[in-house]
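A structural walkthrough
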Amino acid sequence: MKLRRLLIPLVLALVLGAGIPARAADTADTLERLRGFQAVQSALAELGVPYAWGGGSLVGPTLGFCDGTNGYLGDACLADHTIGFDCSGLVRYAWYQASGGAVILPHYSAGQAQLGHPVTDRRALLPGDLLFFAEPGGRIHHVGLYLGGGAMIHAEHTGTRVTVLRNVFADPKWGGRLVAATRPVPGINVPAEAA
C-alpha cells in the first residue's frame, strides 16, 4: 500500500511532464493539472457542436430555448430546435465529466465566476481554467475554457459552433473584455438541486 501511494504521484507527474513531485502539495498540483487537462479533452471532443442558448447539461448537449432576447439569429428563434451548448453549458459539462461529478458548476457564467480559486496572473493560467468576459463596466456574460498557449475553446453565440479561439488575449472582440479567471475545485459546487 505504501508503495502504491508513492507510485501514483510519480506516474501522474511523468504522464503530465511535470517532473517528480517532492511533496503532497506538488501531488495536489499535479492532480489539479490533470483535472484541467481532462476538462480540456472533454470540451475538445465537442468541437463543431452547434451553439444553443440554454443548451448543455452535465451529460452533454441539449435542446436550447429562446427567451425573448437570446437564442435568435435575426428574427428567427434557432435555439428551440437546436441541440447544443451555450458558453456556460459547455464548461459546466467539461468540468463535470473531467471531475467524475465532483465539480458541478451552475449553468450561468456570472455564477461560475463566483466558484473556484481566482487566477489573477495570466502567467499562472492552466489548461482547464475558466475565462470570463464582460463589456466595460458590465456584468459577466461569457465564459470559455482555457487551453493553454493563449487559446480557449468556447461556444460563442447563436449561429456558431463550439470552436477554438487561438489567441484570446489579442483577439479584438474578446481580449479587452477578459475580466476574470478561476480554477474549478472539487467540493466547491452549486447545490445538487440547483444544478
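The present account deals with the structure reproduced in this document. This structure is a prediction, so every number in the text was calculated from the model and none was measured.

Description of the side chain of Glu46
Within the fold, Glu46 resides in the loop between helix 2 (24-44) and strand 1 (62-63). Discounting residues that sit within four places of it in the chain, Glu46 has contacts with Pro61, Phe85, Leu90, Tyr93 and Val162.

Some remarks on the state of the cysteines
With the rule as written, the count across this model stands at one disulfide. A disulfide bridge connects Cys66 with Cys77, and the sulfur atoms are separated by 1.8 Å. Between Cys66 and Cys77, the disulfide has an S-S torsion of 100 degrees and is therefore right-handed. Of this pair, Cys66 sits in the loop between strand 1 and strand 2 (72-73) while Cys77 sits in strand 3 (residues 76-77), and the two are 11 residues apart along the sequence.

Observations regarding the layout of surface pockets
Put simply, the largest pocket is a space of about 470 Å³. In this structure, the largest pocket is lined by 24 residues; those nearest its centre are Tyr51, Trp53, Asn70, Cys87 and His141. The set of elements that each furnish at least two residues to the lining of the largest pocket consists of helix 3 (87-98) and strand 7 (140-148). With three residues, the single largest contributor to the lining of the largest pocket is strand 7. Residue composition of the lining of the largest pocket, grouped by class: seven nonpolar, 11 polar and six charged.

Cut-offs used in this document
- In this convention, every chain numbers its residues from 1, walking through the sequence in written order.
- Since the coordinates come from a predicted model, pLDDT governs what is reported: local features require at least 70, and pairs of side-chain atoms require 80 or more to be given and counted, while whole-chain, interface and lining totals use all residues.
- To get the side-chain values, all heavy atoms of the structure are used, and hydrogens and water are removed first.
- Each helix corresponds to a stretch of at least 4 residues labelled H or I by DSSP, and each strand to a stretch of at least 2 residues labelled E; elements are numbered beginning at the N terminus.
- Note on contacts: a residue pair is in contact if any heavy atoms of the two residues lie within 4.5 Å.
- Disulfides are defined in this document as cysteine sulfur pairs within 2.5 Å.
- Any residue with an atom within 4 Å of a point lines the site, the site being either a cavity, points on a 1 Å grid over the protein atoms alone where a 1.4 Å probe fits but cannot get out, or a pocket, an open set with protein on both sides within 12 Å along at least 5 of 7 lines.
- Grid points are joined across faces, edges and corners, and a volume is the space filled by probe spheres set on the points.
- Charged residues are taken to be Asp, Glu, Lys and Arg, nonpolar residues to be Ala, Val, Leu, Ile, Met, Phe, Trp, Tyr, Cys and Pro, and polar residues to be all remaining types, Gly included.

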